[in-house]
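Architecture at a glance
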Amino acid sequence: MREHTPNTVYLKDYTPPDYLIETVDLFFELDEENTRVTSKLRIRRNPESPGEHRELELDGEQLVLESIRLNGRNLNAADYRLGDESLVLPGVPDRPFELEIVTRINPKANTALEGLYLSKDMLCTQCEAQGFRKITYFADRPDVMAKYTTTIVADKSRYPVLLSNGNRIATGELKNGRHWVKWEDPFKKPSYLFALVAGRLECLEDRYVTCSGREVTLQIFVEKHDLDKCDHAMQSLKNAMRWDEENFGREYDLDLYMIVAVGHFNMGAMENKGLNVFNTKYVLARPDTATDADYEHIEGVIGHEYFHNWTGNRITCRDWFQLSLKEGLTVFRDQEFSADRTSRAVKRIDEVNMLRTRQFAEDAGPLAHPVRPESYIEINNFYTLTVYEKGAEVVRMIQTLIGKEGFRKGTDLYFERHDGQAVTCDDFVKCMEDASGVDLAQFRLWYGQAGTPEVRISADYDATNRALNLTVRQSCPATPGQPVKAPFHIPLAIGLLAPDGTELPLRLDGETEPFAQKTRVLDVKASEQHFRFVGLAEKPVVSALRGFSAPVRLHLDRSVEELAFLFSHDPDPFNRWDAGQQLASQVILDLVDQYAEGETPAAADGPLTEAYRRVLSGNWPDLSYLALLLTLPSEEYISAAMKVIDPDAVHRARQTAKLALARTLEAEFRRLYETHHVDEAGRFDAEAVGRRRLKNACLAYLGMLESEEAYRLSVRQFRSARTMTDQISSLAVIVNGHHPEKAACLTEFYERWRAEDLVIDKWFTLQATCHLPGTLDRVKELLAHPAFDLKIPNRVCCLIGAFTQNNAVNFHARDGAGYEFLADQIIALNSLNPQVAARMLTALTPWRRYDEDRQQLMRRQLQRIAGLEKVSKDVYEVAMKSLS
Ligand code: TRP
Ligand code: ZN
């Protein structure tokens, strides 16, 4: 077991800092293994801190302290206390003073990728959330905001490019082939936004003229080999800058905006002021190396980091419990940006798919926590789907409740009131209330209560009075530390459809004026509430939770006929798609039951085929949307509806349903495939993307047939593809079947792309997600492949993450081999990269959802990990909470 149980940090213990740091002057003498950091701080007592004369306590980890000077005087060991994670100075002056600290660090030994580290030949930093303390001793908390200057000295041939936040204000040459650059960031910022990059980098440069006419230089730094893959990222950046001006009135504030792409990175990207650092996968794209999904993600993430400049950097978080203040809001902003850039309906469906499968699972398991958590052991474990995606839903609900105009007034007020401050989620909600006049007191519970609310709707048509009585009930399951919940304020968007598919008026009993819109948002606030709609000549079909207006589980008993009707007629594109998902889920879950009872079902399709046939005969302007209508719900989504998850039965049932559709609708899929399989250069526009998405969905159905014909089509597409979307889609069909040329195609693909890391990542994923037997053995072989490296997070996610999170049948093999394999990898990762290890470990967290045998096998591996002698905080917290 661990020697010391790590501390838990509580929101309720928050106190303002005793000391403020006004300026930070950093001086880096870079060296791969021995970097020297000199930090000069101007410090003063915080007039707002209640404490009397207190000690000055700075954070620091894995640092070698060389010297400390206070107001120019050298301190010796008796003047301070040095701990493993802190430096305490008991006697500091009451008046402002200067502290100079010299430390040494070893970037090469830093495989955790937090602080200053080496990625290939490049030195770079990652400071969020608490990485700055691995660079120098500092008050490493977001409510200490300071102005920074940074001087970097390094060997000129190895590190010709030296970057930090803000503007470059001076440069110079030194002897012994060294040079230096000095940077100044005019904006106050918390330490987590500090960044430094040094390396042999090439740069794509462009310019942008802001709405007030200021010219900004835009630079994207990459390795030379990747310079031809930056155009899309650059265009995305310009799109994002324009969009934020037009939609939120936000203008960029420095003369320079830099993005650096690095190959070793723990997450997606980081919004450091003026110097974003990105995972290469969210920058690099060329039609032949990146898929349409990659292109979309790049635009979304570039937007996300850019939008942080206002929501995150200019206005930051008071403490890490407020993380969703910046992340939820910024995700909401990037979602809206993407919706405007692509297809709003498709974007919404993609978001909800992820929320309903993965965030709902988080909310239903032992790691459930509120959007604003109350405690943590390791903050890095709280960059979760709940904080990000549910946090964005909470912001979206505010917009739904106070209207688009009210919301814009609210954000305007927020920027005006809090610019330059470190604030709380509550400060944000207060702005929304003050600007709109809408009371959000009960709404605030979304920040503090964990768990996914369940909403049950029953509809009762009263023919005599031409009225529809709706009863809406809500409840929320218990979550760790929160046995009982108060009712939420839920915006419930609703429409009523006549039997011919037209929308009916939404007049509530007692209203004289008819309601003008086709969709009406009901304020659901009590645990049981009644709504009576009048003036309805016929029994309507209820279209509820339109656009997924709240992150809840909806229960509304509907017949197969009603679902099929909505799937053909609902004008709300989200609900129309969702009706198809519910219909397909019912069909697949029926199959699951039949398997459980030992039956072999005869016909698997029936109503689903008919519904699909109608959809296929329609005329669809948005082909991406059509592709989604034709996609069966994921195994994950279907599993969520089961009491005890049976991964084998779910997989078999879904495959059976898919095969049945492929058999009956072969001709239609074939026709659509041929119509849209056109020779093309790989443009990334809605039409071309839609064609590819639809065509490849059809190819996946045809592939189910394992016919000569399907083999021919997929291998033809694989060999002639001009886009990565087409190539990888056909290869996926080949890999998941028994295509005679499978091995040859995989080898061809590897040989062709061996110099492109991001494409090789796809090669790993494709094999790791193959649902056929024998995959675990292949994954184990791939661990030994020369291109695999446990120190590269992208590789780990693409092989180990893909296998454990996107291959349920194989990961949950009855003998427990999948679990043991994962635990082995986590034990290795625990000492290399705790952040990534903890994230991988969450695949074992939902063990209670499985049968007794699997429960035991999963729990055994969790216990094995929790019992490690040198377990990191990150891994310890996930293992311990998963077991509890
Ligand atoms: N703030 C980043 C974002 O959401 C995410 C982030 C947090 C991060 N910690 C990180 C990225 C560590 C990389 C490494 O945009
Ligand atoms: Zn973010």
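Since the structure is predicted, the reported quantities are computational estimates derived from the model, not experimental observations.

Now for the sheet that holds strand E21 (residues 275–279). Strands sit in the order E17-E18-E19-E21-E20 across an open sheet of 5 strands; the sheet is mixed. Edge positions in the sheet fall to strand E17 (202–209) and strand E20 (269–270), since each has one partner strand and no second. The pairing of E20 with E21 spans 2 bridges and is classified as antiparallel. Residue Met270 lies in a different strand from E21, and its bridge partner there is Val277. Together, E17, strand E18 (215–222) and strand E19 (256–262) form the strand contacts of helix H1 (residues 231–248), whose direction differs from that of E17 by roughly 25°.

Bringing the coordination of the zinc ion (ligand 2) into the picture now. The zinc ion (ligand 2) binds to the protein through His304 (NE2), His308 (NE2), Glu327 (OE) and Glu327 (OE), with metal-donor distances spanning 1.9 to 2.7 Å. Around the zinc ion (ligand 2) sit 6 donor atoms; with metal-centred angles ranging over 48 to 160°, the donor geometry is irregular.

What follows is about helix H9 (residues 573–596). Since there are 3.6 residues in each turn of an α-helix, residues three or four apart along the chain are aligned in direction. Spanning 24 residues, H9 covers 35 Å between terminal C-alpha atoms, matching the ideal 34 Å at 1.5 Å per step. Within two residues after H9, Gly598 carries a phi angle of roughly 75°, on the positive side.

Turning our attention to the nonpolar core. Formed by 224 residues in total, the largest nonpolar core has its most connected members in Leu30, Ile398, Phe428 and Phe533. Per-element tally for this core: the top contributor is helix H5 (residues 385–418), with 13 residues. Look past the residues within four positions of Phe428 in its chain and what remains in contact with it is Leu325, Leu329, Val395, Ile398, Tyr414 and Tyr447. With 61 residues, the next largest nonpolar core counts Leu746, Ala838, Leu857 and Ile865 among its residues.

The subject of this paragraph is the site of ligand 1. Taken together, 14 residues lie near ligand 1, and Glu128, Glu271, Glu305, Glu327 and Tyr388 sit nearest. Taking Lys326, its side chain carries an N or O atom lying 3.4 Å from a nitrogen atom of ligand 1. Isolated, ligand 1 exposes 370 Å² of accessible area, and the fraction of that covered by the protein chains is 97%. Among the secondary structure elements, those contributing two or more residues to the shell around ligand 1 are E20, helix H2 (292–307) and helix H3 (323–341). Partitioning the shell around ligand 1 into residue classes produces 6 nonpolar, 3 polar and 5 charged.

Taking 1.5 Å of rise per residue, the 18 residues of H1 would be expected to cover 26 Å, and the 25 Å separating its terminal C-alpha atoms lies within 8% of that figure. Listing the buried residues of H1 in full gives His232, Ala233, Met234, Ser236, Leu237, Asn239, Ala240, Met241, Trp243, Asp244, Glu245 and Phe248. A positive phi of about 65° marks Gly249, the residue just after H1.

A separate point is the side chain of Glu756. Checked against the element boundaries, Glu756 lands in the loop between helix H18 (742–753) and helix H19 (757–768). Within polar-contact distance, the side chain of Glu756 engages the side chain of Lys229 at 3.3 Å. Residues in contact with Glu756, not counting those within four places in the same chain, are His225, Asp226, Lys229 and Thr289.

Relative orientation of the contacting elements helix H4 (residues 344–364) and H5 amounts to 125°, with a least axis distance of 10 Å. Relative to H5, H4 is oriented oblique. Of the two possible hands of crossing, H4 and H5 adopt the one that is left-handed. In contact with Arg348, Glu351, Met354, Leu355, Arg358, Gln359, Glu362 and Asp363 of H4, H5 contributes Leu385, Thr386, Glu389, Lys390, Glu393 and Arg396. Split into classes, the residues belonging to the contact of H4 with H5 amount to 3 nonpolar, 2 polar and 9 charged.

Read from one edge of the open sheet, 5 strands run E28-E30-E26-E25-E32, paired in mixed fashion. The open sheet terminates on both sides in strands that have one partner only, identified here as strand E28 (507–508) and strand E32 (553–555). As paired elements, strand E25 (residues 454–462) and strand E26 (residues 467–475) share 9 bridges and run antiparallel to each other. Paired with Asp460 across the strands is Asn469, a residue of E26.

Considering all chains together, one arrives at 0 disulfides under this definition. Left without a disulfide partner, Cys127 is nearest to the cysteine sulfur of Cys124, which lies 10 Å away. Its sulfur unpaired, Cys203 is 8.9 Å from the next cysteine sulfur, which belongs to Cys230. For Cys203, a relative accessible area of 29% corresponds to the partly exposed category.

This next bit is on the environment of Ile259. In this fold, Ile259 is placed in strand E19. Considered as a pair, Ile259 and Ile220 are 39 residues apart in the sequence and their alpha carbons are 4.7 Å apart. Apart from residues lying up to four places away in sequence, Ile259 is in contact with Gln219, Ile220, Phe221, Leu237, Asn276, Phe278, Val283 and Ile302.

What follows concerns the side chain of Thr280. With respect to the helices, strands and loops of the structure, Thr280 is situated in the loop between E21 and H2. For Thr280, a relative accessible area of 12% corresponds to the buried category. Residue contacts for Thr280: discarding those within four places in its chain leaves Ala261, Val262, Gly263, Leu758 and Asn794.

About the criteria used
Residues numbered from 1 in each chain as written. Chains lettered and ligands numbered in written order. Predicted model: local features only at pLDDT ≥ 70, side-chain atom pairs only at ≥ 80, totals over all residues. Heavy atoms only, no water. Pairing = 2+ DSSP bridges. Helix = DSSP H or I, 4+ residues; strand = E, 2+ residues; numbered from the N terminus. Contact = heavy atoms within 4.5 Å. Axes fitted to C-alpha atoms, helices over the stretch in contact; angles between N-to-C directions. Donors = N, O, S within 2.8 Å, 3.2 Å for Na, K, Ca; no water. Tetrahedral: all angles 85-135°; square planar, octahedral: opposite > 155°, others 65-115°. Expected span 1.5 Å × (residues − 1). Core = buried A, V, L, I, M, F, W, Y, C linked by side-chain atoms within 4.5 Å. Buried < 20%, exposed > 50% of the residue type's maximum accessible area, 1.4 Å probe, protein only. Near = heavy atom within 4 Å. Polar contact = N/O pair within 3.5 Å; in protein donor to acceptor, adjacent residues only side chain to side chain. Areas by Shrake-Rupley, 256 points an atom, 1.4 Å probe, with all protein chains shown as cover. Nonpolar A, V, L, I, M, F, W, Y, C, P; charged D, E, K, R; others polar. Parallel < 35°, antiparallel > 145°, perpendicular 65-115°, else oblique. Left-handed = near helix turned anticlockwise from the far one by under 90°. Disulfide = S-S within 2.5 Å.

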